[in-house]
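Chain by chain, the residues:
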4 protein chains.
Amino acid sequence: MNFASDNAGGVHPRILAALGAANAGHVPAYGGDRITRAAQDRLRETFDAPDAAVHFVASGTAANALALSLAAPGWGKIFCHADAHIHTSESGAPEFLTGGAKLVPIPGAGGRIAPEDLIAALEANGRDSVHAGRNVALSLTNATEWGTVYDLDELAALTAIARDHGLICHMDGARFANALAALDVAPADLTHGAGIDILSLGATKNGCMGVEAVMIFDPALAEDFEFRRKRAGALVSKHRYLSAQMLAWLEGDLWLQMAAHANAMAHDLALGLSRLPHVRIDQRVQTNAVFATIPHDLHVRAQAAGIVYHPWPHSQRLDEGEPVSIRMVCGWDTTPEDVGATLEALA
Amino acid sequence: MNFASDNAGGVHPRILAALGAANAGHVPAYGGDRITRAAQDRLRETFDAPDAAVHFVASGTAANALALSLAAPGWGKIFCHADAHIHTSESGAPEFLTGGAKLVPIPGAGGRIAPEDLIAALEANGRDSVHAGRNVALSLTNATEWGTVYDLDELAALTAIARDHGLICHMDGARFANALAALDVAPADLTHGAGIDILSLGATKNGCMGVEAVMIFDPALAEDFEFRRKRAGALVSKHRYLSAQMLAWLEGDLWLQMAAHANAMAHDLALGLSRLPHVRIDQRVQTNAVFATIPHDLHVRAQAAGIVYHPWPHSQRLDEGEPVSIRMVCGWDTTPEDVGATLEALA
Amino acid sequence: MNFASDNAGGVHPRILAALGAANAGHVPAYGGDRITRAAQDRLRETFDAPDAAVHFVASGTAANALALSLAAPGWGKIFCHADAHIHTSESGAPEFLTGGAKLVPIPGAGGRIAPEDLIAALEANGRDSVHAGRNVALSLTNATEWGTVYDLDELAALTAIARDHGLICHMDGARFANALAALDVAPADLTHGAGIDILSLGATKNGCMGVEAVMIFDPALAEDFEFRRKRAGALVSKHRYLSAQMLAWLEGDLWLQMAAHANAMAHDLALGLSRLPHVRIDQRVQTNAVFATIPHDLHVRAQAAGIVYHPWPHSQRLDEGEPVSIRMVCGWDTTPEDVGATLEALA
Amino acid sequence: MNFASDNAGGVHPRILAALGAANAGHVPAYGGDRITRAAQDRLRETFDAPDAAVHFVASGTAANALALSLAAPGWGKIFCHADAHIHTSESGAPEFLTGGAKLVPIPGAGGRIAPEDLIAALEANGRDSVHAGRNVALSLTNATEWGTVYDLDELAALTAIARDHGLICHMDGARFANALAALDVAPADLTHGAGIDILSLGATKNGCMGVEAVMIFDPALAEDFEFRRKRAGALVSKHRYLSAQMLAWLEGDLWLQMAAHANAMAHDLALGLSRLPHVRIDQRVQTNAVFATIPHDLHVRAQAAGIVYHPWPHSQRLDEGEPVSIRMVCGWDTTPEDVGATLEALA
């Protein structure tokens, strides 16, 4: 029973099969092949964004940092949640690939930025000058790092504020499919329809082997992307294998089915956990992660039972007798049996 | 009466004269001249630091960002006060010159970091990993951006914590002379004696035309400095004119006299302001800046009287009838008459 | 019949199968899994380099630019062949990831640097100064961009010169297996035994889907690699799928068999071409590429027959009636039938 | 007698006096002062360029690298002479400040690029692709590093080629005044009139203490300059002292008089040298530098007589009995007596 991360999971059989199917013959490298064009077209259709530029990379950090580099020069400020992956877990990649941009962390419950806090941060950074730099971008993670989501209205409110202040709006969609499944809305509505200019669309965590898309809804922002990707060393040569994953992921709404399944597993897991004594569910479970605080002895029991997860935050001290805050992530390949066995072991 | 900034002031006549005296003949460029060697030696003596590497640049931002680049790689985290100049006013220079390092802002009254807040920030960033990056440096501003100072014990306490966590300690000494004059301690005690590894020593604000020194007390950190300076475009060719300023600044303790004078002027100004009705002095006046909150009509009167200063923070809204928070900075060339006339105009 | 590039080819069935086999269960992400450790160990064994640091990335440009960033600071000079991929085809990635290093191109027949030309380049760049920068690295491509190889003696001669001048030696081994197969020597002999400090080992072109290894033979150079990889956005999360490719590639000497096959196909193709009237083989065919100059009408005929290759160099003008210089690359999946049919079509 | 460099010389008394005159009172920092506006206006007038953006920095490397960063992204190629200062003597600054651009060195007699060689370099780099990068800029040095000049027709021919290939044209004018004096043409004609888009205008070598202007004739290119300057740490705070130098330099055509004088001194020096036995003048002396090859014993005699100059190129080996190639640079402060005494000592 492994709830460490959706990165710990495997590849969906249909996606694996697509790699085999893509393997026939010789095709142009670097994205000049038909599978790549098909995957790009499919994404444009899926997002009802016929003019979007669509590019593939092999890591989420590359997707985010390259996307942000379209919006932020080295003297730019990027507003994001204090727990945003781009701020906590990308080790300088956004700063490096933008040539020096600064991330402005905004605290907020549940990994979500409140409109008034965004306004406050913009005001506190109101001095758009050669000294202070320029406010250039808002990056929102959906689903958030705490498994919650922004709905359409919430997104629209935030991007409206951003737009009023001249910011470009980026979405870190490492778990976009989970948010989409949770909200049951259209991809277009949750992105450009809600004011998002650039989306990092994660597929790796949700059943792929390693592919992320950058969707640039405003073509004027897209001009340099391919050069930036190459200059960062992020252009994959045998591109068809990225694209084939993406195509299979979208085919027959597999992406949404996998995300909905993962969400459901997390829901069941949280429900079961919440019934255990002295267990507190710390965040509303809207997508595929459960954040809970559990008694120390329960944590010890879980470890002994081989239930894998991370204390969260990582920096937490694990003192005997003190409750432990944990993150448990479900994936497309988490089974009801995994959840059942886990709850049983902890009961 | 101009209290806008110590950058608004002029050059001390003895320093100006030194430029003239340095003008004779031909000398090697780029720091190979005798005046440069003399200035470097004089600084090493003054700071009782015979092994220190000493280099000159023409701007405080270059001094800070280059100094930090010795301590922080692109995946490093630099802890500093939330109001530190390197964080608020250098527009990405530290991030750029380090190749992506992240500044971690720590709030604190009076522009000062409290030891417990440093510890908390280190713990919150405790995950030294390839994702989170590495905690590498502490940067302390002395005197601070709010005119206060860290004394020897306070510095030692902070640098001890830093050292325990493997951090290199940098001091932004844009107004180091003001701190030194306020504390009446030895330069060595306020720097390497208190755990500082690298000092950006500002002379420009305190009576020079444009020269800052980077003093690297640990020679092992200094190896690449000259290459870094050149690569950033910050190596000045006719170096003798930087060095001559520095020599004259140190000669006969001129630097300390100017700083002590500026501090005294600020003290007198604050004392006078504090006696005006509805005026609040917001920070303890330890060096050469006065931070105060004054009634709106007093602000209007000051403007009308040609008294120049900045509302502080810059982002402040100036609504009619509402008190205004301001910063008034004194310099080596602020006269008792300036202070007197100012207080008279506001009385 | 596609000879455009070894990037145009597919994935060997055994490697594809290995991806499927690796797909079971949950494992730690980011390289903490057992398959990754096994692949690293296997490479250390294969190269008789027990202390080597071994890391995987998804693109050759990332491998090269990250490897070079270990050797070259922003003020460093990297000596390489004028036709080196790092110089002609990586669009600023080495310069960017090193923070400004300069590539010094050295001309030479057959894509190879002659010792005397390396010495001349070092002398012409002899001024190791803060203005000129520092000479820091030699990068050799083996097999070269022109399909030729450096043998052990030639490598040793070049790296000895480099070492005498304080340079770190990097090998771009995008087609290392082809060189190895051509020379029939041990991996250790062709790398650290011949003075190479860091190897970019390419597997993608030779039957993999997308994985390259960076092997750092001197552990002292390796310290920052993982941070650099992350900061560049090049850390792949589901790492097991990179590693599984690498393991299967090495298993049973598959890599060498594929390379030897590709080399043999190129040999046969060149032999056949050389018998055609007015066709000139331009480079000694030592590995898997054939460089030839053919009559214009033959080029037209080849196009019509659907034989795919690139005019080489790319910048060449294709004037009617003028001979055309071309590159034809064979891969692990080039068949004798492909070669036969091609020669027949051109006969 | 010092002919080492025009950087070895001092500051003209009128420029020194201007610093004193600028010293009165308090003025806005960072270029908001009246002297700065006056100097900017004066440059716009002098160059007949009312729309030009004009900015000041303290070093020539900053001027060049920042200017180039307006024209070249990290994936750009900048064409320049093989001996261009930006290529040989700025230690990665252009590469760093552009985020990875590549300088393409073009050989050519006398430090000058011949049109056919520019065309050849453009063709050899004709593959404008995501792999090769983009051809974006031409940088011409005038006067060149070898003391020669491009005249109006030569410049126009080169910039026309550049424009046809979509390049932005930069001029490194570290010794622009010397070229202007030599050619006796208008500043406008030698810059934007001849197709130059951005000029780095050097004043330091020609009688100033430390100021260079960047003149951006096409305002569309200028947008980010001030942010770039700050991000690089190159914004000088007490800006009036840069600007005052520039104003005094231009006043009464002092710049041209100093340059013409330096040129005349070099002419006389070369004439005298050319009459010595076994001395060869290696470059046409058009501005203020003399490049000559002299017998080894004459070199020894010169050293003994305290005549200071550099062997040129620096990397040259000085074998006994072998002729020595040298550079002798005259400045605004080289006197006829210096030249006379030098020639006498060598006669």
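These numbers come from a predicted model, not from an experiment.

## Topic: the overall build of chain A
Working step 1: Within chain A one finds 13 helices and 11 strands.
Working step 2: The C-alpha radius of gyration of chain A comes to 20 Å, within 12% of the 20 Å expected for a compact globule of 347 residues.
Working step 3: Across the 347 residues that make up chain A, the buried fraction comes to 66%.
Working step 4: Of all intrachain contacts in chain A linking residues separated by at least 6 positions in sequence, the fraction that spans at least 24 positions is 74%.
Working step 5: Put simply, chain A shows about 11400 Å² of open surface, and 51% of that area lies on carbon and sulfur atoms.
Working step 6: Each charge sign in chain A was given a centre, from 25 positive and 39 negative side chains, and these centres are 7 Å apart.

## A closer look at the interface of chain B and chain D
Working step 1: With 44 residues of chain B at the interface, the matching set in chain D holds 44 residues.
Working step 2: With both sides pooled, the region where chain B packs onto chain D buries about 3800 Å², and carbon together with sulfur makes up 55% of that total.
Working step 3: Among the residues chain B hides against chain D, the three largest losses belong to H26, F96 and K238 of chain B. Together they make up 21% of the total.
Working step 4: Inspection of the region where chain B meets chain D yields zero salt bridges.

## Focus: the sheet that holds strand β11 (residues 324–329) of chain A
All names here are of chain A.
Working step 1: Read across the open sheet, the four strands follow the order β8-β9-β11-β10; overall the sheet is antiparallel. Pairing within the sheet leaves two strands with one partner each, and these edge strands are β8 (280–281) and β10 (310–311).
Working step 2: Strands β8, β9 (289–294) and β11 of the sheet are contacted by helix α11 (residues 254–274), whose axis makes an angle of about 15° with β9.

## Quick notes on the relation of the copies chain C and chain A
Each of the two chain copies can be generated from the other by rotation about an axis followed by a shift along it.
Working step 1: The two copies are related by a screw operation: chain C maps onto chain A through 180° of rotation and 0.0 Å of translation along the axis, at an RMSD of 0.0 Å. Taken together, the rotation angle and the small translation identify this as a two-fold axis.
Working step 2: Of the residues that chain C buries at the interface, 100% are likewise interface residues in chain A, meaning the two copies contact each other through the same surface.

## Remarks on the relation of the copies chain B and chain D
Working step 1: Turning chain B through 180° and shifting it by 0.0 Å along the axis lays it on chain D, with an RMSD of 0.0 Å.
Working step 2: Comparing contact sets, 100% of the residues at the interface of chain B also lie at the interface in chain D, consistent with an isologous, same-surface contact.

## Focus: the packing of aromatic side chains
Residue and element names in this part refer to chain D.
Working step 1: Counted by the stated rule, this structure contains 26 aromatic pairs over all chains.
Working step 2: Aromatic side chains F47 and F217 sit 6.3 Å apart centroid to centroid with 40° between the ring planes, which places their arrangement in the tilted category. With F47 in the loop between α2 (34–46) and β1 (53–57) and F217 in the loop between β7 (212–216) and α9 (225–231), the pair connects residues that are 170 residues apart, well separated along the chain. Like F217, F47 is buried.
Working step 3: Relative to F291, the ring of W146 has its centre 4.7 Å away and its plane inclined at 50°; by these criteria the two rings are tilted. Remark: F291 occurs in strand β9 (residues 289–294) and W146 occurs in the loop between β4 (134–141) and α7 (152–164); sequence separation between them is 145 residues. The same class applies to W146 as to F291, namely buried.

## Describing the interface of chain C and chain A
Working step 1: Contacts between the two partners involve 44 residues from chain C, matched on the other side by 44 residues from chain A.
Working step 2: For the pairing of chain C and chain A, the buried interface totals around 3800 Å² over both sides, and the portion due to carbon and sulfur atoms is 55%.
Working step 3: Contact with chain A buries area across many residues of chain C, yet H26, F96 and K238 of chain C alone supply 21% of it, more than any other trio.
Working step 4: At the surface where chain C touches chain A, the tally comes to zero salt bridges.

## Examining the sheet that holds strand β4 (residues 134–141) of chain B
All names here are of chain B.
Working step 1: Strand order in the open sheet made by the seven strands is β1-β7-β6-β5-β4-β2-β3, with mixed pairing throughout. Each end of this open sheet is capped by a strand with a single partner; those strands are β1 (53–57) and β3 (102–106). Each strand of the sheet is rotated relative to its neighbour by a mean of 20°, with strand direction disregarded.
Working step 2: The sheet contact formed by β4 and strand β5 (residues 168–173) spans five bridges and is parallel. Bridge pairing in β5 places T141 opposite D172.

## Here's the deal with the environment of D128 of chain B
Working step 1: Examined against the element boundaries, D128 of chain B turns out to sit in the loop between α6 (115–124) and β4.
Working step 2: Take D128 of chain B: its relative accessible area is 42%, and that puts it in the partly exposed class.
Working step 3: Once residues lying within four places of it in the same chain are set aside, the contact partners of D128 of chain B are G133, R134 and N135 of chain B together with F227 of chain C.

## Quick word on the side chain of H87 of chain D
Working step 1: Residue placement: H87 of chain D occurs in helix α4 (residues 85–88).
Working step 2: Look at H87 of chain D and you get buried, because its relative accessible area is 16%.
Working step 3: Here H87 of chain D is in contact with K102 of chain C together with C80, H81, A82, L103 and P105 of chain D, once residues within four sequence places are set aside.

## Things to note about helix α2 (residues 34–46) of chain B
Residue and element names in this part refer to chain B.
Working step 1: Its 13 residues give α2 an end-to-end C-alpha distance of 18 Å, which sits within 8% of 18 Å, the value for a rise of 1.5 Å per residue.
Working step 2: Those residues of α2 that sit buried are T36, A39, Q40, L43 and R44. Angularly, the buried residues of α2 cover 135° about the axis, an arc narrow enough to put them on a single face. Opposite its buried face, α2 presents the exposed residues R34 and E45, each directed more than 90 degrees away.
Working step 3: On its buried face, α2 is in contact with β1, β6 (198–202), β7 (212–216) and α10 (240–250).

## So, the pattern of salt bridges
Working step 1: The tally for this structure, following the rule as stated, stands at 36 salt bridges over all chains.
Working step 2: A salt bridge links E226 of chain A to R229 of chain A, with the shortest nitrogen-to-oxygen separation between them at 3.8 Å. Placement of the pair is E226 of chain A and R229 of chain A together in helix α9 (residues 225–231), with a separation of three residues, close to one helical turn.
Working step 3: Residue class for E226 of chain A comes out partly exposed when judged on its relative accessible area of 37%.
Working step 4: Under the relative-accessibility criterion, R229 of chain A is labelled buried at 3%.
Working step 5: With its nearest N and O atoms 3.0 Å apart, the salt bridge here joins R42 of chain D to E251 of chain D.

## Points about the confidence of the model for chain A
Working step 1: Counting all residues, the mean pLDDT for chain A is 96, and 100% of those residues have values of 70 or more.
Working step 2: Here the predicted complex scores 0.97 on pTM and 0.97 on ipTM.

## Details of helix α12 (residues 296–304) of chain D
Residue and element names in this part refer to chain D.
Working step 1: Looking at α12, one finds that the buried residues are H296, L298, H299 and A302. Taken around the axis of α12, the buried residues stretch over an arc of 160°, which confines them to a single face. Opposite its buried face, α12 presents the exposed residues D297 and A304, each directed more than 90 degrees away.
Working step 2: Looking at the buried side of α12, the elements it contacts are β9, β11 (324–329) and α13 (336–346).

## Overview of the packing of α2 of chain D against helix α10 (residues 240–250) of chain D
Residues and elements named next belong to chain D.
Working step 1: Their axes nearest at 8 Å, the elements α2 and α10 cross at an angle of 35°. At the point where α2 passes α10, the crossing takes the left-handed sense. Only R240, S243, A244, M246, L247 and L250 of α10 make contact with α2, whose side of the interface consists of I35, T36, A38, A39, R42, L43 and T46.
Working step 2: Taken together, the residues that form the contact of α2 with α10 break down as eight nonpolar, three polar and two charged.

## So, the UniProt feature "domain: Aromatic amino acid beta-eliminating lyase/threonine aldolase" (unreviewed entry) in chain A
Working step 1: Annotation from UniProt places "domain: Aromatic amino acid beta-eliminating lyase/threonine aldolase" (unreviewed entry) at residues 3–293 of chain A.
Working step 2: As a span, residues 3–293 of chain A carries 39% helix and 16% strand, and end to end its C-alpha atoms are 15 Å apart.

The rules behind the values
Residues numbered from 1 in each chain as written. Chains lettered and ligands numbered in written order. Predicted model: local features only at pLDDT ≥ 70, side-chain atom pairs only at ≥ 80, totals over all residues. Heavy atoms only, no water. Helix = DSSP H or I, 4+ residues; strand = E, 2+ residues; numbered from the N terminus. Rg over C-alpha atoms; globule rule 2.2 N^0.38 Å. Buried < 20%, exposed > 50% of the residue type's maximum accessible area, 1.4 Å probe, protein only. Contact = heavy atoms within 4.5 Å. Areas by Shrake-Rupley, 256 points an atom, 1.4 Å probe, with all protein chains shown as cover. Lys, Arg positive; Asp, Glu negative; His and termini not counted. Charge placed at Lys NZ, Arg CZ, Asp CG, Glu CD. Buried area = accessible area lost by both parts, 1.4 Å probe. Salt bridge = Lys/Arg side-chain N within 4 Å of Asp/Glu carboxyl O. Pairing = 2+ DSSP bridges. Axes fitted to C-alpha atoms, helices over the stretch in contact; angles between N-to-C directions. Least-squares fit on C-alpha atoms with pLDDT ≥ 70 in both. Phe/Tyr/Trp six-rings, centres within 6.5 Å; stacked < 30°, edge-to-face > 60°. Expected span 1.5 Å × (residues − 1). Arc of directions from axis to C-beta. pLDDT = per-residue confidence, 0-100. Left-handed = near helix turned anticlockwise from the far one by under 90°. Nonpolar A, V, L, I, M, F, W, Y, C, P; charged D, E, K, R; others polar. UniProt positions renumbered as here; feature names shortened; annotations may be inferred.

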